Amino acid sequence: MLNGIICVNKPEGFTSFDVIAKLRGILKMKKLGHSGTLDPMATGVLPVFAGSATKAISILPDTDKSYLAGFKLGIVTDTEDITGKILKEYPVSVSKEEIEKNAEAFQGNISQTPPMYSAVSVGGKRLYDLARKGIEVDRPSREITVSKFNICDFNEETGEGHIDITCSKGTYVRTLINDMGQKLGCGAVMTSLVRTKANGFSLDDCFTLEEIEKLRDENRLDSAIKSTEKLFLALPSLTLNSKKTQMYKNGVKLRLNELEGFDGKEQYRIYSAENVFLGIAKADTENNILRVLKNLSQESDA
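Model, not experiment: these values are computed from the prediction.

A.B. asks: Explain the pairing of strand E19 (residues 289-295) to me, please; I cannot follow it from the model alone.
C.D. replies: Along any regular strand, the residues point their side chains to alternate faces of the sheet. Taken together, the two bridges between strand E16 (residues 254-255) and E19 define a ladder with antiparallel strand orientation. From the neighbouring strand, Leu254 faces E19, where its bridge partner is Leu290. Judged from the six bridges that link them, strand E18 (residues 277-284) and E19 form a sheet pairing that is antiparallel. Paired with Ile280 across the bridge in E19 is Lys294.

A.B. asks: Can you walk me through the packing of aromatic side chains in this structure?
C.D. replies: Taken as a whole and assessed by the stated rule, the structure comprises four aromatic pairs. Aromatic side chains Phe71 and Phe154 sit 5.9 Å apart centroid to centroid with 5 degrees between the ring planes, which places their arrangement in the stacked category. One end of the pair, Phe71, is in strand E4 (residues 65-73); the other, Phe154, is in strand E10 (residues 142-155), with 83 residues separating them in the sequence. Look at Phe71 and you get buried, because its relative accessible area is 0%. A relative accessible area of 12% means that Phe154 is categorised as buried.

Definitions and limits used
Residues numbered from 1 in each chain as written. Predicted model: local features only at pLDDT ≥ 70, side-chain atom pairs only at ≥ 80, totals over all residues. Heavy atoms only, no water. Pairing = 2+ DSSP bridges. Helix = DSSP H or I, 4+ residues; strand = E, 2+ residues; numbered from the N terminus. Phe/Tyr/Trp six-rings, centres within 6.5 Å; stacked < 30°, edge-to-face > 60°. Buried < 20%, exposed > 50% of the residue type's maximum accessible area, 1.4 Å probe, protein only.

Below, the structure written as structure tokens:
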């Protein structure tokens, strides 16, 4: 049984669930999950959680994600990307300098309305189900953060280019591009999307499905597995002595004032006396108790 994270370079045309289904066949295991959906046209970083690591999905830190997005000016579609039905076309006469100047409006804390073709639920119904029936409804906007929105290149003759984007969880990149097109007065659609970073992992950490299959055949799958604790390296750590390690494993509540290294932080990575990663715990300072947030060790799977 594998336990940890396999970073997949998702191929175009696959849904995130397609990747999980394919990996279940390759790895011969059912206990797999992923941390964030990628549209079929998108490629790039898709962390897949295996075995005991699946328990970490519900408590993942809200880290930013990065993308390299292709765009084309002069077109508006119902899906906000190149795969959709064309609604409007405009002549384009825009310079790279104009795009860069307008790009400033899409950085920082901004409000975004989710597209109709999305998995967001409104009134108990998925927006994409309503969109396929030709129904458009009001969608509540959400606050997002875009820390990077850099125009990498732009061809003034074709109206095509690429944007390097780093944004918070829940951001729709195609909507950013659609809104940019509206601001420029000529419309825009997303033509490609590569997720370059997610959950602290980059494309350099990723393997294609074919490479994972080859590693399986060569009995080298372990070389593709990342430790679950890497997801939580931003948290401070607490290492328990032998007695407290056993107490922790047995579910005994530990007193914060008796823990060496406790410095008043809210959450901690917990390690055994043997320096084995056990999971994440929360400090309940009001009651002077260390509460288990999630046991992530392989032992707790038994």
